[in-house]
Amino acid sequence: MKDDSSVATLAGRLRAEVRRMSPGERLPSSRALVERHRVSPVTVSRALGLLAAEGLVVTRPGSGAFAAPRARAAAEPADFGWQAVTLGDRSVDPSGISWLLTPAPDGVVPLSGGYLHPSLQPVRSLATAAARAARRPDAWEMPRLGGVPELRAWFARTIGGGVSPADVLITNGGQQALTTVLRALLPPGAPVLVESPTYLGALAVARASGLHPVPVPVDADGVRPDLLAEAFAISGARVFYTQPAFHNPTGTVLGPERRERVLDVARAAGAFVVEDDVARHLGIDAPPPPLIAQDADGRVVHVASITKATAPSMRVAAVVARGPVAERVRATQLVEEFFPARPLQETLLEMVSSPGWPRHLRAVRAALRSRRDALLTALACDLPELRPNRPAGGFHLWVRLPDGVDDTALAEAALRAGVLVSAGRPFFPAEAPAPHLRISYGTAASEAELAEGVRRLASVLRS
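Residues numbered from 1 in each chain as written. Predicted model: local features only at pLDDT ≥ 70, side-chain atom pairs only at ≥ 80, totals over all residues. Heavy atoms only, no water.

## So, the overall build of the protein
So, step 1. Across its full length, the protein holds 16 helices and 16 strands.
So, step 2. For 463 residues, the compact-globule formula gives about 23 Å, and the C-alpha radius of gyration of the protein, at 25 Å, lands near that figure.
So, step 3. In terms of overall dimensions, the protein has C-alpha extents of about 75 × 60 × 55 Å along its principal axes.
So, step 4. Per-residue burial for the protein yields a buried fraction of 50% across its 463 residues.
So, step 5. Contacts in the protein between residues at least 24 apart in sequence constitute 74% of all its contacts with a sequence separation of at least 6. (Helix = DSSP H or I, 4+ residues; strand = E, 2+ residues; numbered from the N terminus. Rg over C-alpha atoms; globule rule 2.2 N^0.38 Å. Buried < 20%, exposed > 50% of the residue type's maximum accessible area, 1.4 Å probe, protein only. Contact = heavy atoms within 4.5 Å.)

Given below as structure tokens:
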């Protein structure tokens, strides 16, 4: 993050300088820029590359960088109005996803987000694994359809429950896996049952695919089977999307008594259960086995991912499906994206096969436990009137706000005050029954930063 900030800062200084130069005028040498701005050669190179991409600079190997010729101003803006008629009234709303994926501005405490802070990511191990993978003679060839066999076998062993490598399909990350599965299972216009609240990305995928999310409430033990059965009966849905372990945003784990009941309800409805299990490696306490381990008739379509426990750009996940649905999912992936990049698959295989992998997972779990407890302590000290849960894993606290508080307005005010949190309302597929915040403890730099974020949030709530 600091490197990206340095690049942006240097690019801003050079941008102003280039705009005062005449076209074709030579910029100072890279060595001179390093000395003048006290940055690394890599920072200079990346800043010049950014200006070149903007068309402000032309680089000539062996000669240096030069101010680019000025582009002629268009006589008037182009008219794109005709596109509204052709595109029609269908739209894709990325607002919730963009809020979650936009980095916190400088000086803002990030208590929102879905990835580990960089200090908790296995960056060096990933770099080593990527270097080894790239040196393989066949690393850049087309992989087998379905994924690298050894990686499929690793996912099968990790998931357990009788899953075989043949049941596993490697995909481009958990979000792409959800997209592929929902499009394979349901035609546009169909209903899909979802927990309420639920993961924003699942709602976005469903709506972008033309599906209609139908809410099923959750409580402290997960989704309520009685209301799930009622939702199946009323809606006629044939798919239920669920996060049984470390549910996002609430952090709940589906209770033991409810696991079999959920499968029984789906069986009675003749429906599939899409099990989103991407947070399994983030367990502060050990989660129960996945639902697919209790599934004997191919009812559960399981999504596993490694991104949350590694780094955002490790976009590799797996879908486990059995029976005719497996062929439907594989065919959908083949048509939409061919296959995931082999170098990334090989890198992940190197990573999870190394002795450092279990050590990394233990370190992540210990860090998440410490940070969760630090955030709970800070809330009890500065905001005792709030009612957070105590999740057994994942990244987030789900905090009930006092009645009458506008959680969306609060999140916006908090951002202006220097702390980034997520309003609870967008996580509900329909009306929210009460105001909530999702406050993340895996994204901040330290426990001290968590405490500072809570202090800033407290000042906003009390004002």
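## Looking at the sheet that holds strand β15 (residues 422-423)
So, step 1. Pairing within the open sheet is antiparallel, and its four strands lie in the order β12-β13-β16-β15. The sheet is open, and its two borders are formed by β12 (387-388) and β15, each paired with just one other strand.
So, step 2. Strands β12, β13 (396-400) and β16 (436-440) of the sheet are contacted by helix α14 (residues 356-382), whose axis makes an angle of about 25° with β13. (Pairing = 2+ DSSP bridges. Axes fitted to C-alpha atoms, helices over the stretch in contact; angles between N-to-C directions.)

## Remarks on the sheet that holds strand β7 (residues 222-223)
So, step 1. Taken in spatial order, the eight strands make up an open sheet running β4-β11-β10-β9-β8-β5-β6-β7, and their pairing is mixed. Each edge of the sheet is formed by a strand with only one pairing partner; in this case those strands are β4 (168-171) and β7.
So, step 2. Relative to strand β11 (residues 317-320), strand β10 (residues 300-305) runs antiparallel, the two sharing four bridges. By the bridge assignment for β11, alanine 304 is matched with alanine 318.
So, step 3. Sitting on the sheet, helix α9 (residues 200-208) is in contact with β5 (191-196), β6 (212-219) and β8 (239-242), with an inclination near 160° to β6.
So, step 4. Across the sheet, helix α12 (residues 324-337) touches β4, β9 (272-276), β10 and β11, and the angle it forms with β4 is around 20°.

## Quick look at the packing of helix α15 (residues 407-416) against helix α16 (residues 447-462)
So, step 1. The N-to-C vectors of α15 and α16 enclose an angle of 125°; their axes lie 9 Å apart at closest approach. Viewed along their axes, α15 and α16 adopt a mutual orientation that is oblique. When the axes of α15 and α16 are compared, the crossing they make is right-handed. Between α15, through Leu410, Ala413 and Ala414, and α16, the contact on the second element is made entirely by Leu457, Val460 and Leu461. (Parallel < 35°, antiparallel > 145°, perpendicular 65-115°, else oblique. Left-handed = near helix turned anticlockwise from the far one by under 90°.)

## Remarks on the packing of aromatic side chains
So, step 1. In total, this model carries four aromatic pairs according to the counting rule given.
So, step 2. Ring geometry for tryptophan 154 and phenylalanine 155: centres 5.0 Å apart, planes at 75°, overall edge-to-face.
So, step 3. Here phenylalanine 155 falls in the buried class, since its relative accessible area comes to 3%.
So, step 4. One aromatic cluster is present, formed by Trp398, Phe427 and Phe428 through successive ring pairs. (Phe/Tyr/Trp six-rings, centres within 6.5 Å; stacked < 30°, edge-to-face > 60°.)

## Some details on the environment of alanine 318
So, step 1. Residue placement: alanine 318 occurs in strand β11.
So, step 2. Remark: the alpha-carbon pair of alanine 318 and phenylalanine 155, spanning 163 residues in sequence, is separated by 7.3 Å.
So, step 3. Leave out the neighbours within four places in its chain, and alanine 318 touches Phe155, Val168, Leu169, Ile170, Thr171, His302, Val303 and Ala304.

## Some remarks on empty space enclosed by the protein
So, step 1. Scanning the entire structure with this criterion turns up one cavity of 30 Å³ or more.
So, step 2. Reported here for the largest cavity is a volume of approximately 90 Å³.
So, step 3. As for the largest cavity, its lining consists of Trp154, Phe155, Thr158, Ile159, Asp277, Arg280, His281, His302, Ala304, Ser305 and Ile306.
So, step 4. Elements supplying a minimum of two residues to the lining of the largest cavity: α7 (149-159) and β10.
So, step 5. Of the residues forming the lining of the largest cavity, the biggest block, four residues, is contributed by α7.
So, step 6. Class assignment for the residues of the lining of the largest cavity results in five nonpolar, four polar and two charged. (1 Å grid on protein atoms, 1.4 Å probe; cavity = no way out; pocket = protein on both sides within 12 Å on 5 of 7 lines; lining within 4 Å. Points joined across faces, edges and corners; volume = space filled by probe spheres on them. Nonpolar A, V, L, I, M, F, W, Y, C, P; charged D, E, K, R; others polar.)

## Quick word on the nonpolar core
So, step 1. By size, the foremost hydrophobic cluster in this structure holds 83 residues, and its most contacted members are Leu151, Phe155, Phe232 and Ile439.
So, step 2. It is α14 that contributes the most residues to this core, ten residues altogether.
So, step 3. Not counting chain neighbours up to four residues away, the residues in contact with leucine 151 comprise Ile170, Val316, Gln345, Leu348 and Leu349.
So, step 4. In this structure, Ala177, Leu178, Leu211 and Val239 belong to the second largest nonpolar core, which totals 28 residues. (Core = buried A, V, L, I, M, F, W, Y, C linked by side-chain atoms within 4.5 Å.)

## Considering the side chain of glutamate 350
So, step 1. Here glutamate 350 shows up in helix α13 (residues 342-352).
So, step 2. Ignoring sequence-local partners within four residues, the contact set of glutamate 350 consists of Ala129, Arg132, Ala133 and Arg136.

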